[in-house]
Amino acid sequence: MAKGVLVDITKCIGCRSCQIACKAWHNHEAGYEGLNGTYTMPNQLSADTYTRISFVEGERNNQPTWSFVKNQCLHCQEPACASACPVGALQKTKEGPVIYDQWKCIGCRYCMIACPFHIPKYEWDTLNPWVQKCNFCADRVDAGMEPACIKACPMNVMYFDDYEKVVQEAKNRIANHPGKYINHIYGLNEAGGTSWIYISDRPFQELGFDTQVVKASYPSFTWASLSKIPWKAVGFAAALSAIAVFRNRGSRKEDV
Ligand code: SF4
Ligand code: SF4
Ligand code: SF4
């Protein structure tokens with residue numbers, strides 16, 4: 001049964017326990033970027049930061065308000081990243097997560113271009129770089145556990161269940177609290193639907209969400225746009241890929 005997650009933005013208090021839990025489960029080091037003029041830390045997702053909380057200021061009744069928005073891969077139902085990958089290194093599993101196989105990856109980074117939410121990141125600062133993104137804690141989900149970030153959240157911001165139940169829960173909350181939520185479930189239709197969906201008390205465009213993202217699945221658009229890439233660029237990518245193939249072979253031998 002495919003799993004999904006409802007993120008209720010109204011419940012988040014910005015404690016960032018989810019960020020820390022994700023780092024801990026995936027054995028990623030904590031980073032420090034210095035002050036950046038905002039309370040959001042780190043400033044963006046990276047190869048070793050699969051999730052982060054955006055701090056978004058607002059105003060209601062002439063009073064300042066804050067919203068805290070969890071960002072990570074949305075695990076699209078028909079992921080553009082997987083469609084764009086020429087070697088099948090990214091795939092949508094029947095359980096819901098979109099997972100990455102580093103041993104198939106040739107380093108072309110088409111997935112990074114294709115993702116409408118700009119999620120996949122590259123390990124620019126290592127000699128043996130891979131693409132990185134939230135994997136929905138697929139190992140935990142396979143074992144019947146909830147993702148680490150959801151387990152750590154003290155406010156039950158995220159509801160993890162079968163995808164159909166998650167969508168129904170979102171609809172119920174909006175219907176039962178008409179003055180509280182805006183009537184929009186982000187991810188229900190965006191990019192053809194995503195396994196992680198959001199409800200909010202503020203318009204999503206105020207919170208940094210791309211509300212112009214198309215409401216159909218992206219793979220057909222992906223191939224349409226990739227076909228416009230100049231052949232010289234493709235040749236350069238192919239050269240990079242050849243290097244990556246040899247690199248991966250070496251890594252495999254060391255791994256055996
Ligand atoms: S959000 Fe981006 S990286 Fe995640 S599944 Fe969708 S296309 Fe892939
Ligand atoms: S689902 Fe797992 S990998 Fe994704 S943000 Fe949560 S803890 Fe990190
Ligand atoms: S752990 Fe929960 S309440 Fe704390 S920042 Fe993450 S989503 Fe928000």
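Report follows, based on the coordinates. (Residues numbered from 1 in each chain as written. Chains lettered and ligands numbered in written order. Predicted model: local features only at pLDDT ≥ 70, side-chain atom pairs only at ≥ 80, totals over all residues. Heavy atoms only, no water.)

**Notes on the side chain of Asp161**
Stage number 1. Position of Asp161 relative to the elements: it lies in strand E8 (residues 158-162).
Stage number 2. Lys165 provides the closest opposite charge to the buried, unpaired Asp161, separated from it by 4.2 Å.
Stage number 3. At 2.7 Å, the side chain of Asp161 and the side chain of Tyr159 are in polar contact.
Stage number 4. Apart from residues lying up to four places away in sequence, Asp161 is in contact with Ala2, Lys3, Gly4 and Val166. (Helix = DSSP H or I, 4+ residues; strand = E, 2+ residues; numbered from the N terminus. Buried < 20%, exposed > 50% of the residue type's maximum accessible area, 1.4 Å probe, protein only. Lys, Arg positive; Asp, Glu negative; His and termini not counted. Salt bridge = Lys/Arg side-chain N within 4 Å of Asp/Glu carboxyl O. Polar contact = N/O pair within 3.5 Å; in protein donor to acceptor, adjacent residues only side chain to side chain. Contact = heavy atoms within 4.5 Å.)

**What about the pattern of salt bridges?**
Stage number 1. The final tally for this structure, using the stated rule, is eight salt bridges.
Stage number 2. Across the salt bridge formed by Glu206 and Arg202, the nearest N and O atoms sit 3.0 Å from each other.

**Observations regarding the layout of surface pockets**
Stage number 1. Of the volumes computed, that of the largest pocket is approximately 450 Å³.
Stage number 2. Surrounding the largest pocket, 21 residues form its lining, Asn71, Phe117, Ile119, Gly208 and Phe209 being those nearest its centre.
Stage number 3. Residue assignment for the lining of the largest pocket shows that the elements contributing at least two residues are strand E2 (52-60) and strand E3 (63-71).
Stage number 4. The dominant element in the lining of the largest pocket, judged by the number of residues it contributes, is E2, at three residues.
Stage number 5. Residues that form the lining of the largest pocket fall into these classes: 11 nonpolar, seven polar and three charged.
Stage number 6. Looking at the second largest pocket, its volume works out to about 360 Å³.
Stage number 7. Lining the second largest pocket are 17 residues, with Lys23, Ala30, Gly31, Pro42 and Thr49 sitting closest to its centre.
Stage number 8. The residue inventory of the lining of the second largest pocket, partitioned by class, reads five nonpolar, seven polar and five charged. (1 Å grid on protein atoms, 1.4 Å probe; cavity = no way out; pocket = protein on both sides within 12 Å on 5 of 7 lines; lining within 4 Å. Points joined across faces, edges and corners; volume = space filled by probe spheres on them. Nonpolar A, V, L, I, M, F, W, Y, C, P; charged D, E, K, R; others polar.)

**Quick notes on empty space enclosed by the protein**
Stage number 1. Evaluated as defined, the whole model comprises five cavities of 30 Å³ or more.
Stage number 2. In this structure, the largest cavity encloses a volume near 110 Å³.
Stage number 3. Forming the boundary of the largest cavity are 16 residues, of which Cys12, Cys18, Ile53, Cys153 and Val157 lie nearest the centre.
Stage number 4. Of all elements in the fold, only helix H1 (17-25) and E3 reach the threshold of two or more residues within the lining of the largest cavity.

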